[in-house]
Amino acid sequence: QVQVMESGGGLAQPGGSLRLSCSVSGNYFAINAMGWYRQVPGNERELVAAVTSGGRSYTADSVKGRFSISRDNAKNTATLQMNNLKPEDTAVYYCAADEMYDLQQPDDYWGQGTQVTVSS
């Protein structure tokens, strides 16, 4: 009954920007952590960034300084702002939400993924 919806994926040029949005709806008590993962074929799913309801955040080294995660005050959406995109950022990006303050691995609820392609 919990729905995780992602939007904002698409094609960007190297050096460009995209903004991914994630919203959570349905029958849940609280969402206390949300995060964005990405995965390319043959690789493990990588946590890109995560944020807790208290504002604690994590950003992977591979995207630090370029990506940032934020949430709205209702704590049911999370936005991944991606700047200075690189071709290696190309992946399927997945939003996940967690009932606990699981900054390391929010994984209770998952979206279906949105494709991000960075190419010149």
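Reading the values: the criteria
- Residues numbered from 1 in each chain as written.
- Predicted model: local features only at pLDDT ≥ 70, side-chain atom pairs only at ≥ 80, totals over all residues.
- Heavy atoms only, no water.
- Helix = DSSP H or I, 4+ residues; strand = E, 2+ residues; numbered from the N terminus.
- Rg over C-alpha atoms; globule rule 2.2 N^0.38 Å.
- Buried < 20%, exposed > 50% of the residue type's maximum accessible area, 1.4 Å probe, protein only.
- Contact = heavy atoms within 4.5 Å.
- Areas by Shrake-Rupley, 256 points an atom, 1.4 Å probe, with all protein chains shown as cover.
- Salt bridge = Lys/Arg side-chain N within 4 Å of Asp/Glu carboxyl O.
- Pairing = 2+ DSSP bridges.
- Axes fitted to C-alpha atoms, helices over the stretch in contact; angles between N-to-C directions.
- Core = buried A, V, L, I, M, F, W, Y, C linked by side-chain atoms within 4.5 Å.

Thoughts on the overall build of the chain
Right, on to step 1. Within the chain one finds 0 helices and 11 strands.
Right, on to step 2. Listing every helix and strand of the chain by position from the N terminus yields β-β-β-β-β-β-β-β-β-β-β.
Right, on to step 3. Over its C-alpha trace the chain gives a radius of gyration of 13 Å, about what one expects of a compact globule, namely 14 Å for 120 residues.
Right, on to step 4. Each of the three principal axes of the chain carries a C-alpha extent, and together these read 45 × 25 × 25 Å.
Right, on to step 5. A total of 120 residues make up the chain; the buried ones form 41% of that total.
Right, on to step 6. Taking all contacts inside the chain whose residues are at least 6 apart in sequence as the whole, residues at least 24 apart take part in 56%.
Right, on to step 7. Taken as a whole, the chain presents about 6300 Å² of accessible surface, with 44% of it coming from carbon and sulfur.

Here we look at the pattern of salt bridges
Right, on to step 1. Overall, the coordinates contain 4 salt bridges when judged by the stated rule.
Right, on to step 2. The residue K64 makes a salt bridge to D61 at a minimum N-O spacing of 3.3 Å.
Right, on to step 3. For K64, a relative accessible area of 53% puts it in the exposed group.
Right, on to step 4. The salt bridge involving R66 is made with D89; its shortest N-O contact spans 2.7 Å. Of the two residues, R66 sits in the loop between strand 6 (57-59) and strand 7 (67-71) while D89 sits in the loop between strand 8 (77-82) and strand 9 (91-98), which places them 23 residues apart along the sequence. An identical accessibility class is assigned to R66 and D89; each is buried.
Right, on to step 5. Look at the salt bridges and you will find they share partners, linking R38, E46, R66 and D89 into a network.

Notes on the pairing of strand 1 (residues 3-7)
Right, on to step 1. Residues V4 and E6 of strand 1 are buried on one face, while the alternating residues Q3, M5 and S7, pointing to the opposite face, are not.
Right, on to step 2. Here strand 1 pairs with strand 3 (residues 18-25) via 5 bridges, running antiparallel. If you follow S7 over to strand 3, its bridge partner there is S21.

Let's talk about the sheet that holds strand 7
Right, on to step 1. One open sheet accounts for 4 strands, arranged 1-3-8-7; its pairing is antiparallel. Two strands bound the open sheet, and with one partner strand each, they are strand 1 and strand 7. When strand polarity is set aside, the average angle formed by the axes of neighbouring strands in this sheet is 15°.

Observations regarding the nonpolar core
Right, on to step 1. In this structure, M34, W36, F67, L80, M82 and Y93 are the most contacted members of the largest nonpolar core, which totals 27 residues.
Right, on to step 2. Sorting the residues of this core by element identifies strand 3, strand 4 (33-39), strand 5 (46-52), strand 7, strand 8, strand 9 and strand 11 (114-118) as the ones contributing at least two each.
Right, on to step 3. Residues Y37, A50, Y94 and A96 belong to the second largest nonpolar core, which totals 6 residues.

Purely geometric numbers; function is a separate question.
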